[in-house]
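Fold and geometry: a report
The residues making up each chain are set out below.
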Amino acid sequence: MNKISMNMLAGLMAGAGLLLSAGAQAQDAFPTKPIRIVLGFPAGGPLDQHARLLTDKLQGVLGQPLVVDYKPGAGGSVGAQDVMRSPADGYTLMLANTGVMVINPALYSKLPYNTLKDFTPIARTAMQPLALLVNNKVPAKTLTEFTTYAKANPGKINFGSAGNGGISHLVPEMFKSAAGVDLVHIPYKGSAPAFTDLIGGQVQFMAESIPQAAAYHKQGKVRALAVTSKERNPALPEVPTAIESGLKGFEVVGFYGFLAPAGLPKEVTAKLSNAFQQVMNMPDVKSRMVEQGADPAFLGSEAFGKFLAGETPRWAAAVKASGTKLD
């Protein structure tokens, strides 16, 4: 190799080194501008409350504002697609729930994204157990008694939900399978009308998030038979878990988590995940989260990815069993 070629090679190597160094410095400096948090649902709901709670604290940890951007539609799929198509630079994140990440892929026949391929998991932040409820006319005080009652009345007991394919629909479907009972699904447009008919006796059974379920249970309007988490819930300490009630391994909870587009650099992923962990360790954040009806349940990027991989086939089986399909 002649002297000119050697000089050119040396120059190219030096240039590449400078580019790598600049890239590393840029990642070390991250973030240098506001971060967008995409929400696939309208403002004001539980997911929005969760986002606001965490973004207020994250701004102090990361040193940059976090701006919530609402992209509602198709059960959160519109927002997910927006994030999937965004640059993988850490400045666009998505706060998603069980429906967006693990139910929609089985529910929609033409979903534009793949949860396990199109996103980088950042952090799981919360779990949302549900309560299994009956109205006061049902002659069952425990989940075991209700199971016996349901088996004696196949196809005669209705359960209400907030709509086809949602978590309040699929959790009772999972219960049906686990307990070996035959219940009839009655979908509503939201949980409020479903609760009205549960209290009134038009439907006999329902699965609902803890805050609303606990409020009606304590008012004596409905009866909580069990919670779907592994451990009892502080809002309903006297109510046993489904596992305690004889349904071995029946732990079914919703979750909240943050994700970025696929291909996010590892250094940026780690920095964001660590920031979420710091915020999740703050006592006031934990207490506020419980007040909002979510259990603090942090998982880092790698663990959250494994969690999603395990939950996806489980919820797909529940969707298949329900026979629900959306276009």
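Just so it is clear, the model here is predicted, and its values are computed rather than measured. (Residues numbered from 1 in each chain as written. Predicted model: local features only at pLDDT ≥ 70, side-chain atom pairs only at ≥ 80, totals over all residues. Heavy atoms only, no water.)

As a further point, take the overall build of the protein. Tallying secondary structure elements over the protein gives twelve helices and ten strands in all. Here the contacts in the protein between residues at least 6 apart in sequence split such that 76% fall between residues at least 24 apart. Accessible area of the protein: about 14900 Å², with a carbon and sulfur share of 56%. One finds the centroid of the 30 positive side-chain charges in the protein at a distance of 3 Å from the centroid of its 23 negative side-chain charges. (Helix = DSSP H or I, 4+ residues; strand = E, 2+ residues; numbered from the N terminus. Contact = heavy atoms within 4.5 Å. Areas by Shrake-Rupley, 256 points an atom, 1.4 Å probe, with all protein chains shown as cover. Lys, Arg positive; Asp, Glu negative; His and termini not counted. Charge placed at Lys NZ, Arg CZ, Asp CG, Glu CD.)

Counted as a void, the largest pocket has a volume near 1000 Å³. Lining the largest pocket are 37 residues, and of these F41, N97, A162, G166 and I167 sit closest to its centre. Of all the elements in the fold, those that place two or more residues in the lining of the largest pocket are α2 (46-62), α4 (98-107), β4 (119-135), α7 (167-179), β7 (205-209), α9 (210-218) and β9 (253-261). Examining the composition of the lining of the largest pocket, we find that six residues originate from one element, α4, more than from any other. Counted by class, the lining of the largest pocket contains 16 nonpolar, 19 polar and two charged residues. Elements with a contribution of two residues or more to the lining of the second largest pocket: β4 and β10 (295-299). The element contributing the most residues to the lining of the second largest pocket is β4, with three residues. For the lining of the second largest pocket, a count of residues per class yields four nonpolar, two polar and six charged. (1 Å grid on protein atoms, 1.4 Å probe; cavity = no way out; pocket = protein on both sides within 12 Å on 5 of 7 lines; lining within 4 Å. Points joined across faces, edges and corners; volume = space filled by probe spheres on them. Nonpolar A, V, L, I, M, F, W, Y, C, P; charged D, E, K, R; others polar.)

What follows covers empty space enclosed by the protein. Evaluation of the coordinates by the stated rule reveals one cavity of 30 Å³ or more. A volume near 40 Å³ is recorded for the largest cavity. Lining the largest cavity are P46, Q49, H50, Q128, Y256, Q292 and A294. Examining the composition of the lining of the largest cavity, we find that three residues originate from one element, α2, more than from any other. Residues that form the lining of the largest cavity fall into these classes: three nonpolar, four polar and no charged.

The element β9 is extensively covered by neighbouring structure, given that nine of its nine residues are classed as buried. Strand direction decides the pairing type here: strand β3 (residues 92-97) and β9, joined by four bridges, are antiparallel. Bridge pairing links N97 to Y256 in β9. Relative to β9, β4 runs antiparallel, the two sharing nine bridges. Counted as the bridge partner of A126 is Y256 from β9. (Buried < 20%, exposed > 50% of the residue type's maximum accessible area, 1.4 Å probe, protein only. Pairing = 2+ DSSP bridges.)

In terms of burial, α4 is largely enclosed, as eight of its ten residues are buried. Buried within α4 we find T98, V100, M101, V102, I103, N104, A106 and L107. Its side-chain oxygen 3.2 Å from the backbone nitrogen of G99, N97 forms the N-cap of α4. (Polar contact = N/O pair within 3.5 Å; in protein donor to acceptor, adjacent residues only side chain to side chain.)

As a further point, take the pattern of salt bridges. Across all of its chains, the model carries eight salt bridges by this definition. Across the salt bridge formed by D48 and R52, the nearest N and O atoms sit 3.5 Å from each other. Residue D48 and its partner R52 are both found in helix α2; the two are separated by four residues, about one turn of the helix. Residue E302 pairs with K306 through a salt bridge whose shortest N-O separation is 3.7 Å. On the criterion of helical spacing, the pair formed by E302 and K306 is a turn pair, its members being four residues apart in helix α12 (residues 301-322). A relative accessible area of 58% means that K306 is categorised as exposed. Through salt bridges with shared partners, one network takes in R36, D69 and D82. (Salt bridge = Lys/Arg side-chain N within 4 Å of Asp/Glu carboxyl O.)

Mapped onto the secondary structure, T147 falls in helix α6 (residues 143-152). A residue is classified by how much of its surface remains accessible, and T147, at 12% relative accessible area, is buried. Residues T147 and L308, spaced 161 residues apart in sequence, show a C-alpha to C-alpha distance of 30 Å. With sequence-adjacent residues up to four places away left out, T147 is seen in contact with F175, A179 and V181.

Grouped together as the largest cluster of nonpolar side chains are 51 residues, with contacts concentrated most on M94, M101, F146, F175 and L183. When neighbours within four sequence positions are excluded, M94 is seen to be in contact with V38, G79, A80, V83, V100, M101, F119, G257, F258 and L259. Formed by 31 residues, the second largest nonpolar core is a distinct cluster that contains I35, Y91, L95 and A275. (Core = buried A, V, L, I, M, F, W, Y, C linked by side-chain atoms within 4.5 Å.)

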